[in-house]
Amino acid sequence: MFTYRRSSLMLPLIVSILVLAPLAAYPKEKEAFRTLPVNVYLDKLRGAWAGQMIGVSYGSIYEFKWLGHPYTDPLRTWQPNFVANSIHQDDLYVEMTFLAALEEHGIHITSQQAGVVFGESQYELWHANLAARDNIRAGIPAPDSGHPKYNIHCDDIDFQIEADFCGILCPGLFLTANDLCDRFGHVMNYGDGVYGGMFVAGMYAAAYFEDDPVEVFLAGMKSIPAESEYGQVLQLVYDNFKQDSNDWLKAWQAVEDKWGNDDTCPDGKDRPFNIDAKINGAYIAIGMLYGHGDFEKSMEVSTRCGQDADCNPSNVAGVLGTMLGYNGIPEQFTSGLAAIENENFSYTNYNFGSLTETCLELTKQLVKDAGGPVLQFESNFEKTEIFQIPYQEPQPPKKLEQYTDEMQKTLAPAQAEHQKKIEKMHAIQLAESFNTWSGGWDLESCWMGANVGIFGKYLGRDNIFMTHPLQEQPCTISRAFTLPSGTPKLHLEVSAWNACDRADFVLCVYAGSEKLYESVICFDDPQNPWKQIDIDLTAYSGKVTELRIETAANGWACEGAFWDKIEIR
């Protein structure tokens, strides 16, 4: 670090020139360094995190609401308090796991080290993230945890929604951002799943120096292989934009026609649900281009594209927040942030206020590691720091990595065998967890989906356990013991999923072969969501009896059962 001390009346003028000189747009010719005053960086940094928070909250109620078709009806009018939704969004707190990993292991962290930190996380996960964490816990370290041999979700959206930090920490450092993406992205993804993160990170890196959203998009596009399927999707969007820069629906349809059914995720087979990175990446691109730099319009267009309609506007708004700076985001969207600035994001020690200091320190390290000094000027009036950012041209990884149809066919047997091992591991762990939670009840035939197990807080209660039927088999909870004499009863407190109007399940209770109770349990009374059920066991008092509780599917739409109490009274 170079320190200049005031020795003449000219120093304030020198500092002013350095600080007030306009930031160069994304340079068209190679330069040695680009200047970025730290105070400008901090404004853009806050804009990046604020944008993510605003974007995910903006689209939160529309996530997977529109599948395979855009939405053209009015969206809800934004209210400042909506942004509080971001505190509990996995779009943010999962990403911060990797931020913490960088703090713990340093900027040269390996993919395996990042995987270990990720494997220790305790929050709910889905798709590629869930498969990767299962792999790591089963002894398959990163980067193998993201390889298609072990992770059939490798092309899913997961790293794309978590890669923002790689670009946020790397102003103008495209190669450094891609290097971070390579190490972190392969924890849970491969090929296009990683390229999605590189595209997003590349746009963030450009947004520190560029005020044209088209140029920001192009920098992101140059950060991934043009011949990759992800690169082809982005090119398709861009070609349509060049033909008509206002008709985003035409671009949406072009993407849907070519890529709408291309999803390797098992959950996307034979239905319009699509969690694939590249089609959702296309919706990010559509928002960036057809929003024309307007913060709200860009979020709106991306949201209207459908599918993962909270993650995609979060990426868009984060990039635009960086480009505009925090002070450039319309006040109607930032006015609600003050109320939650010091509230930690779920599962993290970070809040909107503390992220600034953490990211600044990491960026200083990354800039220095890339060969750029951080200049410091001191006068009697103030201290000014300036990043000298080494010029890096956005460019793709040298080797193309693609999960092809041929790879899918070749790896199918190994994937199936691996899945059996993971399911067996899940079943053992889940049964042990339920036995401990319930005080001795056994659990069988339970689906191993993402939300099953200790659910945490739900409908105002803590330490809730979720179960779910396994295909056509009911989920079974059982226990054989001698019932107390007198008038014993089985007391249950249970609820259904509150996120779907078709969510319900059939609850049956047996003593031996005798059915004692049957009812459909649904979320039909928000004021009293917990069903309290007492089943008389007087006829079995003092006897050794096997009690069996079954939850069966009733239409296959969100059949989860949420348990608060299972006890004999």
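Figured I'd write up the structure that's included with this text.

The rules behind the values
- Think of each chain on its own: its residues are numbered from 1, step by step along the sequence as written.
- In keeping with the predicted nature of the model, local features appear solely for residues at pLDDT of at least 70, side-chain atom pairs appear and are counted solely at 80 or more, and the whole-chain, interface and lining totals rest on all residues.
- The basis for every side-chain value is the complete set of heavy atoms in the structure, and neither hydrogens nor water enter the calculation.
- We count a stretch as a helix when DSSP gives it H or I for four or more residues in a row; a strand needs E for two or more, and each element gets its number in order from the N terminus.
- Only C-alpha atoms enter the radius of gyration, while the globule expectation follows 2.2 Å times N to the 0.38, with N the number of residues.
- Every residue pair with non-hydrogen atoms within 4.5 Å of one another is taken to be in contact.
- What sets the accessible areas is the Shrake-Rupley method with a 1.4 Å probe; for residues, cover comes only from the shown protein chains.
- Positive charge is attributed to Lys and Arg, negative charge to Asp and Glu, and no charge count is given to His or to the chain ends.
- To locate a charge, take atom NZ for lysine, CZ for arginine, CG for aspartate or CD for glutamate.
- Put simply, two rings from Phe, Tyr or Trp (the six-membered ring, in Trp's case) pair if the centres are within 6.5 Å, and we call them stacked under 30 degrees between planes, edge-to-face over 60, tilted for the rest.
- The classification of residues rests on relative accessible area computed with a 1.4 Å probe and restricted to protein chains. Under 20% of the type maximum is buried, over 50% is exposed, and intermediate values are partly exposed.
- The rule for a charge over a ring is simple: NZ of Lys or CZ of Arg within 6 Å of the ring centre, and within 35 degrees of the ring normal.
- When DSSP finds two or more bridges between a pair of strands, those strands are recorded as paired.
- Fitted lines through C-alpha atoms serve as axes, helices being fitted only where they are in contact, and the angles separating the N-to-C directions of these axes extend from 0 to 180 degrees.
- Between 65 and 115 degrees an angle is taken as roughly perpendicular, under 35 as roughly parallel, over 145 as roughly antiparallel, and anywhere else as oblique.
- Whether a crossing is left-handed or right-handed is set by the direction in which the near helix is turned from the far one by less than a right angle, anticlockwise for left-handed and clockwise for right-handed.
- Polar here means any residue outside two lists: the nonpolar Ala, Val, Leu, Ile, Met, Phe, Trp, Tyr, Cys and Pro, and the charged Asp, Glu, Lys and Arg; Gly therefore counts as polar.
- Residues belong to one nonpolar core when they are buried, are Ala, Val, Leu, Ile, Met, Phe, Trp, Tyr or Cys, and are joined through side-chain atoms within 4.5 Å.
- Salt bridges are defined as contacts in which a side-chain nitrogen from Lys or Arg sits within 4 Å of a carboxyl oxygen from Asp or Glu.
- Our working definition of a disulfide is a cysteine sulfur pair at a distance within 2.5 Å.
- To estimate the expected span of a helix, subtract one from its residue number and multiply by 1.5 Å.

Attention now goes to the overall build of the chain. Along the backbone of the chain there are 17 helices and 14 strands. Radius of gyration (C-alpha) of the chain: 26 Å, near the 25 Å computed for a compact globule of 569 residues. Over its C-alpha atoms, taken along the principal directions, the chain stretches across nearly 95 × 55 × 45 Å. Restricting to contacts in the chain with at least 6 residues of sequence separation, those with at least 24 account for 75%. Of the accessible surface of the chain, which amounts to about 23600 Å², a share of 49% is contributed by carbon and sulfur atoms. Across the chain, the 42 positively charged side chains and the 77 negatively charged ones have centroids separated by 2 Å.

Each aromatic ring pair is characterised by the separation of its centres together with the angle its planes make. In this structure the tally under the stated criterion is 31 aromatic pairs. Residues Phe455 and Trp497 carry aromatic rings whose centres are separated by 5.9 Å and whose planes lie at 80 degrees to one another, so their mutual orientation is edge-to-face. Remark: Trp497 occurs in the loop between strand 9 (489-496) and strand 10 (504-511) and Phe455 occurs in strand 6 (residues 453-458); sequence separation between them is 42 residues. For the pair Phe455 and Trp497, one class covers both residues: buried. Taken together, the ring pairs connect Tyr58, Trp78, Phe82, Phe295 and Phe333 into an aromatic cluster. Positioned over the ring face of Phe209 is Arg34, at 4.5 Å from the centre of the ring.

Most of helix 5 (residues 127-137) is tucked away, with ten of its eleven residues classed as buried. Residues of helix 5 that are buried include every one of His127, Ala128, Asn129, Leu130, Ala131, Ala132, Arg133, Asp134, Asn135 and Ile136, and no others. Taken together, the buried residues of helix 5 touch helix 3 (90-105), helix 4 (111-119) and helix 17 (405-438). Looking one or two residues past helix 5, Gly139 carries a phi angle of roughly 95 degrees, positive in sign.

Here we have five strands laid out as an open sheet, ordered 6-7-14-9-12, and antiparallel in their pairing. Edge positions in the open sheet fall to strand 6 and strand 12 (531-536), since each of these has one partner strand only. Each neighbouring strand pair of the sheet contributes to a mean axis angle of 40 degrees, computed without reference to strand direction. Each of strand 6, strand 7 (461-467) and strand 14 (561-568) is contacted by helix 17, which is oriented at about 140 degrees to strand 7, the strand it contacts most.

Let's shift gears to the packing of helix 3 against helix 4. Axis separation between helix 3 and helix 4 bottoms out at 9 Å; the angle between their running directions is 125 degrees. Between helix 3 and helix 4, the angle falls in the class oblique. Here helix 3 runs over helix 4; the crossing is right-handed. When helix 3 is examined against helix 4, the residues Val94, Thr97, Phe98, Ala101, Glu104 and His105 are found in contact with a partner set consisting of Gln113, Ala114, Val117 and Phe118. Each residue belonging to the contact of helix 3 with helix 4 can be placed in one class, and the counts come to six nonpolar, three polar and one charged.

So, on to the pairing of strand 3 (residues 374-378). Judged by how many residues are buried, strand 3 sits mostly within the fold: four of five residues are covered. Pairing of strand 3 with strand 4 (residues 383-390), which is carried by five bridges, proceeds in the antiparallel orientation. Each residue of the ladder has a partner; that of Glu378, found in strand 4, is Lys383.

Attention now goes to the nonpolar core. Formed by 118 residues in total, the largest nonpolar core has its most connected members in Trp49, Phe184, Phe199 and Ile286. The next biggest cluster of nonpolar side chains, apart from the first, holds 30 residues, and it includes Trp441, Phe465, Leu483 and Leu507.

If you walk through the whole model with that rule in mind, you get 16 salt bridges. Its salt-bridge partner being Lys278, residue Asp276 comes within 3.0 Å of it at the nearest N-O pair. Through salt bridges with shared partners, one network takes in Glu229, Asp262, Asp276 and Lys278.

Every disulfide links exactly two cysteines, by a covalent bond between their sulfur atoms. Enumeration according to the criterion identifies zero disulfides in this entry. Counting only cysteine sulfurs, Cys181 is the nearest neighbor of Cys166, a cysteine outside any disulfide, at a range of 3.9 Å.

This paragraph deals with the sheet that holds strand 8 (residues 475-482). On the basis of which strands lie adjacent, the open sheet formed by five strands has the order 5-8-13-10-11 and antiparallel pairing. Looking along the sheet, the strands with just one partner apiece sit at the ends: strand 5 (442-444) and strand 11 (514-522). Pairs of neighbouring strands in the sheet enclose a mean axial angle of 20 degrees, with direction left out of account. Summarising the sheet, strand 8 and strand 13 (residues 544-553) pair through eight bridges and their orientation is antiparallel. Paired with Thr482 across the two strands is Val544, which belongs to strand 13. Sitting on the sheet, helix 17 is in contact with strand 5 and strand 8, with an inclination near 145 degrees to strand 5.

Locating Asn151 in the fold gives a position in the loop between helix 5 and helix 6 (164-168). Dropping the residues within four chain positions of it, Asn151 is found in contact with Ala128, Ala131, Ala132, Asn135, Ser145, Gly146 and Met188.

What follows concerns helix 16 (residues 354-369). Its 16 residues give helix 16 an end-to-end C-alpha distance of 23 Å, which sits within 8% of 22 Å, the value for a rise of 1.5 Å per residue. Along helix 16, the residues classified as buried are Leu355, Thr356, Thr358, Cys359, Leu360, Leu362, Thr363, Lys364, Leu366 and Val367. Downstream of helix 16 by one or two residues, Gly371 has phi in the positive range, about 105 degrees.

Attention now moves to unusual backbone geometry. Put simply, Ala142 and Pro143 share a cis peptide bond, and its omega is 5 degrees. With respect to the helices and strands, Pro143 occurs in the loop between helix 5 and helix 6. A positive phi is found at Ser445, a non-glycine position, where the angle reads about 55 degrees. You can see Ser445 is positioned in the loop between strand 5 and strand 6.

What is shown is where atoms sit, not what they do.
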